[in-house]
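# A look at the structure
For reference, the chains in residue letters:
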Amino acid sequence: MSIHPQPELRGHTLVVTVSSHDGRPVLDRRAYASLARTFHEAAVNDDVRVVVLRGLAGCFCLGGDFSEFLDATKHRELIAAVTDMFRTLATFPKPVLACVDGDAVGVGCTILFHCDMVIASRASTFRVPFVDFGLVPDAATSILAPQKLGYAGAFRFFCLGDTLHAEDAKALGLVGEIVADGSAEEAALLRARQLAKKPVAALLQTRGLLKGDTGALCDRIDQEISLFQQALQDDTTLKRLQRIARLAA
């Protein structure tokens, strides 16, 4: 039975929880497929004007499900689900906000680069350990991160694997607002309500102009996921992932 909170429409704001269906703060292929379906439906639902992404209590998302990385029989479905979710998110036509109250790691962090505003608690941290795992980043962040953080900031974040605290993430531009611990969701919902009151056509058109052509993002998503899939077939990378999984168990 699923213990994953279902998407909840509050006025014109759709609140979506980033987690697995069994209540873990990770994304597996089923969770990716669920997110993609939710965004597909929200895109054509006129009652939805803004989407707010949230994590479970005390944590935003700790990344992908390692067990699926290590199971070759799941790779095809996993890659298809990841690709569909990020392509859907990259082309989503409505504002997306995120409230982060805790750790955002791996895909739990790269998903934030597609959000129009990230509101984080002071205790939140951000980390993308892809290179340490022998992998490449996903979600077209090889384009979005240099745009948002600057090349030097993106290089340090992705290649050195530096952990960003909320103040650092705000200074670089990943986080838009910092609030007290435990109040990120409330603050994000306030911003969402403000956006939902704006003239709809003008808001969507302005956002679309600011975002620009998303075709390059979709192409980069495909390129990144191809390299990611190749890495999952490399024996050295798999041994490294197995070792990390054992240490985390």
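Here, the structure is the one placed above.
Residues numbered from 1 in each chain as written. Predicted model: local features only at pLDDT ≥ 70, side-chain atom pairs only at ≥ 80, totals over all residues. Heavy atoms only, no water.

Okay, the overall build of the chain next. Within the chain, the regular secondary structure consists of 12 helices and nine strands. Taking 249 residues into account, the globule formula puts the C-alpha radius of gyration at 18 Å, and the chain, at 17 Å, falls close to it. The dimensions of the chain, computed from C-alpha atoms along their principal axes, are 55 × 35 × 35 Å. For the chain, the proportion of its 249 residues judged to be buried stands at 49%. Long-range pairs, those at least 24 residues apart, make up 75% of the contacts in the chain between residues at least 6 apart in sequence. Roughly 11,700 Å² of accessible area belongs to the chain as shown, and the carbon and sulfur atoms make up 53% of that amount. (Helix = DSSP H or I, 4+ residues; strand = E, 2+ residues; numbered from the N terminus. Rg over C-alpha atoms; globule rule 2.2 N^0.38 Å. Buried < 20%, exposed > 50% of the residue type's maximum accessible area, 1.4 Å probe, protein only. Contact = heavy atoms within 4.5 Å. Areas by Shrake-Rupley, 256 points an atom, 1.4 Å probe, with all protein chains shown as cover.)

This part is about the sheet that holds strand β8 (residues 164-165). Ordered in space as β5-β7-β8, the three strands form an open sheet in which the pairing is mixed. Lying at the two open borders of the sheet, with one neighbouring strand each, are β5 (103-105) and β8. Pairing of β5 with strand β7 (residues 125-127) involves three bridges; the strand directions are parallel. Each residue of the ladder has a partner; that of A104, found in β7, is F126. (Pairing = 2+ DSSP bridges.)

Time to look at helix α10 (residues 200-211). Between its first and last C-alpha, α10 extends 16 Å over 12 residues, near the 16 Å set by a 1.5 Å rise per residue. A positive phi of about 75° marks G212, the residue just after α10. (Expected span 1.5 Å × (residues − 1).)

The next thing to look at is the packing of helix α3 (residues 75-90) against helix α11 (residues 215-231). It is at 10 Å that the axes of α3 and α11 come closest, and there the two elements cross at 160°. Between α3 and α11, the interaxial angle falls into the category roughly antiparallel. Considering the relative orientation of α3 and α11, their crossing is right-handed. Of the residues in α11, those in contact with I79, V82, T83, F86, R87 and A90 of α3 are L217, C218, I221, D222, I225 and Q229. Of the residues contributing to the contact of α3 with α11, the split by class is eight nonpolar, two polar and two charged. (Axes fitted to C-alpha atoms, helices over the stretch in contact; angles between N-to-C directions. Parallel < 35°, antiparallel > 145°, perpendicular 65-115°, else oblique. Left-handed = near helix turned anticlockwise from the far one by under 90°. Nonpolar A, V, L, I, M, F, W, Y, C, P; charged D, E, K, R; others polar.)

The subject of this paragraph is helix α6 (residues 141-149). Each turn of an α-helix holds 3.6 residues, which means side chains three or four residues apart point in the same direction. What α6 keeps buried is the set T141, I143, L144, A145 and L149. On its buried face, α6 is in contact with α4 (107-110), α7 (151-160), α8 (166-172) and α11. Note on α6: the residue one or two positions beyond its end, G150, has a positive phi of about 80°.

Taken as a whole and assessed by the stated rule, the structure comprises 14 salt bridges. Among the salt bridges present, the one from R191 reaches E177, with a minimum N-O distance of 2.7 Å. Here R191 is found in helix α9 (residues 184-196), whereas its partner E177 is found in strand β9 (residues 177-179), with 14 residues between them in sequence. Bridged by salt links that share partners, the residues E8, R10, R54 and E185 form one connected network. (Salt bridge = Lys/Arg side-chain N within 4 Å of Asp/Glu carboxyl O.)

Interpretation in functional terms is not warranted from these geometric data alone.
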